Amino acid sequence: TLATAIHHLATHPRDQAALRADPGLIVTACEEFLRAYAPVTVARQVVTDTLLGGQALHPGEMVLLSFPSANRDETVFDRPDELILDRSPNPHLAFGIGPHFCLGANLARMEVKTVFQELLSRFPDIRITDPRYIDAGRTVVCTFTAVGTHEGPPGTFPATGREFALPLCEMW
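One structure accompanies this document, and this report is about it. Remember, predicted model here, so these are calculated numbers, not experimental data.

With that settled, the discussion passes to helix α2 (residues 13–21). D15, Q16 and L19 are the residues of α2 that are buried. In a view along the axis of α2, the buried residues occupy a sector of 100°, so they form one face of it. Residues of α2 that are exposed and point more than 90 degrees away from the buried face comprise P13, R14 and A21. Buried residues in α2 make contact with α1 (2–11), α3 (26–36), α5 (105–122) and β5 (125–127).

In this structure, E32 sits in helix α3. With sequence-adjacent residues up to four places away left out, E32 is seen in contact with E82, L83, I84, R87 and N90.

Here the amide bond leading from S88 into P89 is cis, since omega sits at 0°, within 30 degrees of zero. Here P89 shows up in the loop between α4 (67–70) and α5. Located in the positive-phi region is R79, a residue other than glycine, with phi close to 50°. Tracing the backbone shows R79 in the loop between α4 and α5. According to the relative accessible area criterion, R79 is partly exposed, its value standing at 42%.

It is worth spelling out α3 at this point. Counting buried positions along α3 yields nine of 11 residues, so the element is predominantly enclosed. Listing the buried residues of α3 in full gives I26, A29, C30, E31, E32, F33, L34, R35 and A36. In this structure, the buried residues of α3 make contact with α1, α2 and α5.

The tally for this structure, following the rule as stated, stands at two aromatic pairs. On the numbers, 5.3 Å between centres and 35° between planes, the contact of F33 with F116 is tilted. One end of the pair, F33, is in helix α3; the other, F116, is in helix α5, and 83 residues separate them in sequence. By relative accessible area, which is 0% here, F33 ends up buried. Relative to F101, the ring of F95 lies with its centre 6.3 Å away and its plane at 65°, an arrangement referred to as edge-to-face. For F101, a relative accessible area of 39% translates into the label partly exposed. Of note, R35 hangs over the ring of F77, and the distance from its end group to the ring centre comes to 5.2 Å.

The next thing to look at is the packing of α1 against α5. Helices that pack against each other are described as a pair by the angle of their axes relative to one another and the distance between those axes. At a minimum axis separation of 11 Å, α1 and α5 run at an interaxial angle of 35°. Seen along the crossing, α1 lies across α5 with a hand that is right-handed. Of α5, the residues touching α1 (which contributes L2, A5, I6 and L9) are V112, V115, F116, L119 and L120. Here the residues of the contact of α1 with α5 are counted per class, giving nine nonpolar, no polar and no charged.

Counting residues in hydrophobic clusters, the biggest one holds 19 residues, and the most contacted among them are L19, F33, F116 and L120. Breaking this core down by element, the ones donating at least two residues are α1, α3 and α5. Looking at which element gives the most residues to this core, the answer is α3, with five residues. In contact with L120, not counting residues within four places along its chain, are L9, Q16, L19, R20, I26 and I126. In this structure, L34, A38, A94 and A105 belong to the second largest nonpolar core, which totals five residues.

What counts as what
Residues numbered from 1 in each chain as written. Predicted model: local features only at pLDDT ≥ 70, side-chain atom pairs only at ≥ 80, totals over all residues. Heavy atoms only, no water. Buried < 20%, exposed > 50% of the residue type's maximum accessible area, 1.4 Å probe, protein only. Helix = DSSP H or I, 4+ residues; strand = E, 2+ residues; numbered from the N terminus. Arc of directions from axis to C-beta. Contact = heavy atoms within 4.5 Å. Phe/Tyr/Trp six-rings, centres within 6.5 Å; stacked < 30°, edge-to-face > 60°. Lys NZ or Arg CZ within 6 Å of the ring centre and 35° of its normal. Axes fitted to C-alpha atoms, helices over the stretch in contact; angles between N-to-C directions. Left-handed = near helix turned anticlockwise from the far one by under 90°. Nonpolar A, V, L, I, M, F, W, Y, C, P; charged D, E, K, R; others polar. Core = buried A, V, L, I, M, F, W, Y, C linked by side-chain atoms within 4.5 Å.

None of this, on its own, says anything about what the molecule does.
Structure (structure tokens):
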């Protein structure tokens, strides 16, 4: 979610500008990033003969539970294929549901919020400087960097006022 959300901000300067102009939007924006870019898809093995949506399922077969698909359900979300920074309510399933709800959800939310608060306050511009997209069947690889002038206290890396490129991640 972090890498994809940072990629989103790098490719959607209006959203980046909106979060900079109103840091109070970061909390709802993070929930929206989790909804739109949900990282979890779960597979389960069928244990008894079952009929689901008119499809016969038999023991030993696998069923894919796609939380990203559920998070785009048009009966739950208005304009589900759009990322809306102030979407509310936002009953996404990025952390699962019921007895399988992620125990670390609150920590993950805090981490995502903190990353974006710090990233947006310290880097005046987030943009893709070296895009490399490789389509290998179902895999997309992209590399991107945050570019800007570090606004941190003197003595922190890099030195205040120095321009640099910070590699953020490679998604495989």
